[in-house]
Amino acid sequence: MSERLFIFDTTLRDGEQVPGCQLNTVEKIEVAKALETLGVDVIEAGFPVSSPGDFNSVVEISKAVTWPTVCALTRAVENDIKVAAEALQYAKHPRIHTGIGTSDIHIKYKFKSTREEIIERAVASVAYAKKFVEDVQFYAEDAGRTDNEYLARVVEAVIKAGATVINIPDTTGYCLPSEFGAKIKYLIENVKGIENVVIATHCHNDLGMATANTVAGVIAGARQAEVTINGIGERAGNTALEEVVMTFRSHPELNIDTNINSRRITPTSRLVSSLMNMPVQPNKAIVGRNAFAHSSGIHQDGVLKNKQSYEIIDPNDVGLDENSIVLTARSGRAALKHRLQVLGVELDSDALDTAYEAFLKLADRKKEINDDDVLMLAGQHRKKLHRIKLDFLQVTSGVGLQSVASVGLDISGEKFEACSTGNGPVDAAISAIKNIIRRKMLVKEFLIQAINKGSNDVGKVHMTVEHDGCSYHGFSANTDIIAASAEAFIDAINKFAK
C-alpha cells in the first residue's frame, strides 16, 4: 500500500500573485471547484487581510467546496490571523497558515530582529491561530537558506504551540535537491514531536529545480507538497502539481501516491491557463502541447512500434483525449457544450449562447477549432461586462504607406470615434483609442502568441499598460492580430478607467 502524499494547491494564492493573472471571485470559485474535482486535499484560497477582494474570495470558496481543506494565509500578526479566521467561518475544514521568515537575512534586514524574538513571534502566532481553528499550519519563510540547527529550534517550538502542519519553503528557489532533501531529513531526526505533524514542502523555481526539490523532500519524509497548476507563481513560478503527481505515478517503486484524478490534469491546466490569460509553454512537462509530440524520425518510428519507446506516460492518463471531437462550422451547440465540459468549463445558458455565437464567427474563418480556441471563446462573455468596448476598427497600412486607423468605441452606451496615424497598424489603432480615452497611458509590454501554426489561426495578445504609476494587464485573442491588440489595450483600460 502506497503512503499518502497530500496535495496542497496554492494556485489561487501564490499562483495568482503573477502580474496580470488576477481573477475575480466568480472565476476563483470556478477554479476551486475544478481543484476539488481534480482531487486536491488543501486549497489555499487567498490572503484575506491583503484586500477586500481576497477576503471575499476566501469566504465564497469556503462555501463552494465540500471536502477539501480551505486554507487562508497570514503573517505572524494577530490582526491577519483574526481576519483569516473570519474569512474561513463557512469552511467545512478550515486551516490558518501563519508564519514568519527564519533565515538570518530575513531576520536582520526584513524584521530587524533577533533569532530569539523570531521564535517568540512564531510561537505567539500559532498559539493565537489555535484559538480559532484546530488545524494550524506554520511556514518558516526562506527555510531553504535557514541554518538547520536554528530551523529545528523554530519547528520544535511551534509544534509545542499546537501547529499541525510544518511548511518548509525554499522561498527563493536556492536549494539543490540533495540539500533540500537533507534539510527535511535533519528535521525528522532532530525535532521532538515531528512525528505528530505533517511536514510540507513549498519550492520555488528560480533555478529550475522546484519539482526536483519537492520530490527530494518527499522522499526524505515530507508528506504534503505545495504546488500550483502549470507551475505558475511569483518570479519563475512554483512547483507544478502535474509534475509531482506524475513523477510518483511513474515511479511506483517509491511507494508514494496522491488522491489526484490524473485524467483531470489537462482540463484543469487549460482552464487555469484560459482564466488567467497565461499560456502554457509548448515544451512544458505533462501539459505542454508538445509534451507528447514526436518530430524526430527515429522517435516517430519507435513510438509507432511501441509507445513506451519514448513515452513514459500514457497521454490518456493525464486527460489528453487524442480522439476528441473536431469542431467545425457545422458543429452544433451540443458539441461545443460537450467540448467545454471535457475541458472543465461549465457555462450557463446565456454564456453558452454568447460563446456559440462567437464560435460560429470564428469557425467561418478557421477550418477547425482547437481546444485553446474553445477556451478563448468561453471567456468572451466576460467582455460584455466591460464599460468600454470596441465598436469598430478600420486600418489602412502597407509598404510605402503611412498607417492610419479609424476606431469606434462604445463607452457605457455612448458612441465615440477617432482617427490617428502611427508607426504601423497597431500603433495607429492604439493612438486612435488614446484620442478618445484622454489619459496618460504607456504600453510597457506587448506580447503576441499564436495558439497554433497557420495564417488563419487565433493570435493571443498580452499587454501591460502603465497609468498613474500603476501597471494594468490586458488580454485578447482574435484571428485579426491588429484587432486583438486594440482589444487587449481596451481590456487594460477597463481596469482603471471608471
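Residues numbered from 1 in each chain as written. Predicted model: local features only at pLDDT ≥ 70, side-chain atom pairs only at ≥ 80, totals over all residues. Heavy atoms only, no water.

So, on to the sheet that holds strand S8 (residues 198-203). Strand order in the closed barrel formed by eight strands is S2-S3-S4-S5-S6-S7-S8-S9, with parallel pairing between adjacent strands. Put simply, the sheet's adjacent strands are angled 25 degrees from each other on average, direction ignored. The sheet contact formed by strand S4 (residues 69-73) and strand S5 (residues 94-101) spans four bridges and is parallel. In the strand pairing of S5, Cys71 is matched with Arg95. Sheet strands in contact with helix H2 (residues 52-64) are strand S3 (42-46) and S4, and its direction is about 150 degrees off that of S3. (Pairing = 2+ DSSP bridges. Helix = DSSP H or I, 4+ residues; strand = E, 2+ residues; numbered from the N terminus. Axes fitted to C-alpha atoms, helices over the stretch in contact; angles between N-to-C directions. Contact = heavy atoms within 4.5 Å.)

Read across the open sheet, the three strands follow the order S11-S12-S13; overall the sheet is antiparallel. The open sheet is flanked by strand S11 (388-398) and strand S13 (414-422), the only strands paired with a single partner. In this sheet, neighbouring strand axes are inclined to one another by 15 degrees on average, regardless of whether the strands run parallel or antiparallel. The pairing of S11 with strand S12 (residues 401-411) spans nine bridges and is antiparallel. Along S12, the bridge assignment pairs Lys389 with Asp410. Packed onto the sheet, helix H15 (residues 425-436) meets S11, S12 and S13 and runs at close to 135 degrees relative to S13. Sitting on the sheet, helix H16 (residues 481-493) touches S11 and S12, and the angle it makes with S11 is about 145 degrees.

Before going further, it helps to examine the confidence of the model for the protein. Here the protein shows a mean pLDDT of 88. Residues at 70 or above account for 89%. Ignoring residues within four places in sequence, the model shows residues 294-304, a span with pLDDT below 50, making 12 contacts including any to other chains. (pLDDT = per-residue confidence, 0-100.)

Moving on, we come to helix H3 (residues 78-87). Inspection of H3 places Asp80, Ile81, Val83, Ala84, Ala85 and Ala87 among the buried residues, and these make up the whole buried set. For H3, the secondary structure elements touched by its buried residues are H2, S4, S5 and helix H5 (115-129). (Buried < 20%, exposed > 50% of the residue type's maximum accessible area, 1.4 Å probe, protein only.)

Across the interface, helix H8 (residues 210-220) lies against helix H9 (residues 241-250) with an axial gap of 10 Å and an inter-helix angle of 50 degrees. Taken together, the axis directions place H8 and H9 in an arrangement best described as oblique. Taken as a pair, H8 and H9 cross one another with a handedness that is right-handed. Only Glu243, Val244, Thr247 and Phe248 of H9 make contact with H8, whose side of the interface consists of Thr211, Thr214, Val215 and Val218. (Parallel < 35°, antiparallel > 145°, perpendicular 65-115°, else oblique. Left-handed = near helix turned anticlockwise from the far one by under 90°.)

With that out of the way, let us pick up the side chain of Asp9. If you trace the backbone, Asp9 turns up in strand S2 (residues 6-9). Put simply, Asp9 is tucked away with no salt bridge, and the nearest opposite charge, on Arg13, sits 9.8 Å away. A distance of 2.8 Å separates a polar atom in the side chain of Asp9 from a polar atom in the side chain of Thr11. Sequence-distant contacts of Asp9, defined by excluding residues within four places in its chain, comprise Leu35, Val40, Val42, Ile43, Glu44, Val227, Thr228, Ile229 and Leu241. (Lys, Arg positive; Asp, Glu negative; His and termini not counted. Salt bridge = Lys/Arg side-chain N within 4 Å of Asp/Glu carboxyl O. Polar contact = N/O pair within 3.5 Å; in protein donor to acceptor, adjacent residues only side chain to side chain.)

Let's shift gears to the pattern of salt bridges. Under the criterion given, the structure shown has 24 salt bridges. For Asp135, the salt bridge goes to Arg95, with nearest N and O atoms at 2.9 Å. Residue Asp135 is found in the loop between H5 and strand S6 (136-141), and its partner Arg95 is found in strand S5; the two are separated by 40 residues along the sequence. When its relative accessible area of 19% is taken as the criterion, Asp135 is described as buried. Under the relative-accessibility criterion, Arg95 is labelled buried at 7%. In this structure, Asp206 engages Arg235 in a salt bridge whose closest nitrogen and oxygen atoms are separated by 2.7 Å. Of this pair, Asp206 sits in the loop between S8 and H8 while Arg235 sits in the loop between strand S9 (224-227) and H9, and the two are 29 residues apart along the sequence. One salt-bridge network, held together by shared partners, links Arg13, Asp14 and Glu44.

Among the five residues in S4, five count as buried, and that is most of the element. Burial along S4 is two-sided: Thr69, Cys71 and Leu73 facing one way and Val70 and Ala72 facing the other are all buried. In terms of strand pairing, S3 meets S4 through four bridges, oriented parallel. When the sheet's bridge partners are listed, Val42 is paired in S4 with Thr69. In this fold, the crossover linking S3 to S4 by way of H2 has right-handed handedness. Handedness of the crossover joining S4 and S5 through H3: right-handed. (Right-handed = clockwise from strand over helix to strand, strands pointing away.)

Time to look at the pairing of S9. Side chains of S9 alternate between two faces, with Gln224 and Glu226 and Ala225 and Val227 buried alike. In this sheet, S9 lies alongside S2 in parallel orientation, the contact comprising four bridges. The residue of S9 that forms the bridge with Phe6 is Gln224. Pairing analysis gives three bridges linking S8 to S9, with the strands arranged parallel. Bridge assignment links Thr201 to a residue of S9, and that residue is Ala225. On the question of chirality, the crossover connecting S8 to the parallel S9 by way of H8 is right-handed.

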